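Examination of the molecular architecture
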Amino acid sequence: MRVDFHAHAMSASYVEGLKRLGIDAAGEEGFPLPKWSVEAHLQFMSDAGIDFTVLSMATPHIYNGDRNKKIAREVARQVNEDFAEICRRYPEKFGFVAALPMPDVEGSIAEFRYATEKLGALGVKVASNSDGVYLGDERLDEIFAELNSRGSLVILHPSPARLLPRSNVVTGNVMALFEYPADTTRAVLNLLAKGTLEKFPRVRLIVPHCGSFLPYMKQRAGAMFQMLASMNLMAPTEIAAGLGKLYFDLAGDPTPEQMDILLKITDAEHLLYGSDYPYVPAAVLLRKKAALDEELSRRSWLRKIYISNAEKILQELIV
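Residues numbered from 1 in each chain as written. Predicted model: local features only at pLDDT ≥ 70, side-chain atom pairs only at ≥ 80, totals over all residues. Heavy atoms only, no water.

1. What about the pairing of strand 5 (residues 123-127)?
Burial of strand 5 is extensive: 5 of the 5 residues sit out of reach of the surface. Bridge count between strand 4 (residues 98-99) and strand 5: 2 bridges; the pairing is parallel. Each residue of the ladder has a partner; that of A98, found in strand 5, is V124. Following the backbone out of strand 4, through helix 5 (residues 105-117) and into the adjacent parallel strand 5, one traces a crossover that is right-handed. (Buried < 20%, exposed > 50% of the residue type's maximum accessible area, 1.4 Å probe, protein only. Helix = DSSP H or I, 4+ residues; strand = E, 2+ residues; numbered from the N terminus. Pairing = 2+ DSSP bridges. Right-handed = clockwise from strand over helix to strand, strands pointing away.)

2. Let's talk about helix 13 (residues 302-316)
For helix 13, which comprises 15 residues, the first-to-last C-alpha distance of 21 Å matches the rise-based estimate of 21 Å (1.5 Å per residue) to within 8%. Of all the bends in helix 13, the largest measures some 30° and sits at S308. Along helix 13, the positions that sit buried rather than exposed are I305, Y306, I307, N309, A310 and I313. Among the structural elements, strand 1 (3-8), strand 8 (153-157), strand 9 (204-207), strand 10 (247-249), strand 11 (271-272) and helix 12 (282-298) are those in contact with the buried residues of helix 13. (Expected span 1.5 Å × (residues − 1). Bend = angle between axes of the 7 residues up to and from the residue. Contact = heavy atoms within 4.5 Å.)

3. Details of the pattern of salt bridges
When the charged atoms of two side chains lie near each other, side chains of opposite charge can form a pair. Taken as a whole and judged by the stated rule, the model has 20 salt bridges. For R162, the salt bridge identified is with D131, shortest N-O distance 3.1 Å. Taken as a pair, R162 in the loop between strand 8 and helix 7 (179-194) and D131 in the loop between strand 6 (129-130) and strand 7 (133-134) lie far apart in primary sequence, 31 residues in all. Here D131 falls in the partly exposed class, since its relative accessible area comes to 29%. Across the pair D183 and R186 runs a salt bridge, and its minimum N-O distance is 2.5 Å. Highlighted residues: D183 and R186, both in helix 7, separated by 3 residues, approximately one helical turn. (Salt bridge = Lys/Arg side-chain N within 4 Å of Asp/Glu carboxyl O.)

4. Things to note about a nonpolar patch on the surface
On the surface, F31, V170, V174, L177, F178 and F213 cluster together to form a nonpolar patch covering roughly 500 Å² of accessible area. Note that F178 resides in the loop between strand 8 and helix 7. Residue F178 is classed as partly exposed on the basis of its relative accessible area of 35%. (Patch = residues over 30% accessible without salt bridge, like charges linked within 9 Å, V, L, I, M, F, W, Y side chains within 5 Å. Areas by Shrake-Rupley, 256 points an atom, 1.4 Å probe, with all protein chains shown as cover.)

5. Observations regarding the sheet that holds strand 2 (residues 52-56)
The strand order 1-2-3 describes an open sheet built from 3 strands, whose pairing is parallel. Among the strands making up the open sheet, the edge pair consists of strand 1 and strand 3 (94-96). Within the sheet, the average angular offset between the axes of one strand and its neighbour, ignoring direction, is 30°. (Axes fitted to C-alpha atoms, helices over the stretch in contact; angles between N-to-C directions.)

6. Describing the packing of aromatic side chains
One pass over the structure, following the stated rule, counts 7 aromatic pairs. With a centroid separation of 5.2 Å and an interplanar angle of 45°, the aromatic rings of Y273 and Y306 are classed as tilted. Residue Y273 is located in the loop between strand 11 and helix 12, and its partner Y306 is located in helix 13; the two are separated by 33 residues in the primary sequence. Each of the two residues, Y273 as well as Y306, counts as buried. (Phe/Tyr/Trp six-rings, centres within 6.5 Å; stacked < 30°, edge-to-face > 60°.)

7. Details of the packing of helix 1 (residues 12-21) against helix 4 (residues 69-89)
When two helices pack together, their arrangement is captured by the angle between the axes and the distance separating the axes. Helix 4 packs onto helix 1 with a crossing angle of 175° between their chain directions and a minimal axis gap of 9 Å. Comparing their axes, helix 4 and helix 1 come out roughly antiparallel. The segment helix 1 lies against helix 4, with S13, Y14, G17, R20 and L21 engaging I71, A72, E74, V75, Q78, V79 and D82. The class makeup of the residues in the contact of helix 1 with helix 4 is 6 nonpolar, 3 polar and 3 charged. (Parallel < 35°, antiparallel > 145°, perpendicular 65-115°, else oblique. Nonpolar A, V, L, I, M, F, W, Y, C, P; charged D, E, K, R; others polar.)

8. Details of the nonpolar core
Ranked by size, the top nonpolar core spans 90 residues in total, and within it I62, F96 and L135 carry the most contacts. Counting residues per element, this core draws most heavily on helix 4, at 8 residues. Leave out the neighbours within four places in its chain, and I62 touches Y14, L18, L21, I23, M57, A72, V75, A76, A99 and L100. Core analysis: the second largest hydrophobic core is formed by 13 residues, V3, V97, I155 and I206 among them. (Core = buried A, V, L, I, M, F, W, Y, C linked by side-chain atoms within 4.5 Å.)

9. Observations regarding the packing of helix 5 against helix 6 (residues 141-149)
Look at helix 5 against helix 6: their axes get within 9 Å of each other, and the N-to-C directions meet at 15°. By the angle between their directions, the pair helix 5 and helix 6 is classed as roughly parallel. In terms of crossing hand, the pair formed by helix 5 and helix 6 is right-handed. Every residue of helix 6 that contacts helix 5 at V105, S108, I109, F112 and R113 is listed here: E142, I143, E146 and L147. Split into classes, the residues belonging to the contact of helix 5 with helix 6 amount to 5 nonpolar, 1 polar and 3 charged. (Left-handed = near helix turned anticlockwise from the far one by under 90°.)

Below is the structure:
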């Protein structure tokens, strides 16, 4: 199957859940939630030649302070139930990764178990930061230990940092312009610096958007990590080895320059297709995919990216 690992479903429970949590999607993201329907998504898949899509919850993340913890748990459950229903209706077309009410540890572990054991979730979606708590934070280790015990698929998605310059700066208006790749990079660097992926080596983490700023940060962070370790300010870590364990989706604009940059930190065996539907209109995505296919064909990677790498990840999941 030709698999899309980066696509979202805007279920009614998610839209309503944001309202219950007091989260203004357009205000937080600088971009309104796109319209979505199963029928439109299936049409896009047909037009794009995609056989199977792994659905994940959109952004903003469903947590708005501990005072709303109970609501966040309820919203996560309903989103996962809705995703599971879509997958029951179209089992040959859709799978999903579960939404978790992170950074709520107890609630997230309970929801992970329910979603994987009762609903058939393929893994989980995690935000780069959840209410300001970043991946790699030791407070989330108990969650990652649970994910590690199942060899879980973990799909990372950016979430805006809690404190940002919002006024009179273009990057503070639309998060997708700069803050999405910035926060993805921030989260992955924290995972590497804290040794999270070494502690939990069975987690299969997919980094979105062609690795964001990680190709640039490999050399800079590597040098900084060495300096900090020499000053006993952090434990020694090898950034190249850590990056080599990650998978990367190709959502965004991966050809041709971005592809060459991404290959500075990974190899073709760790690349996966991602569309980012419906955040990018279908007509635009089809043009982007045609350009990507031309580049992958030139490299003789079409089967590898769309099928072989995807099969390896999906067949090895223990859920």
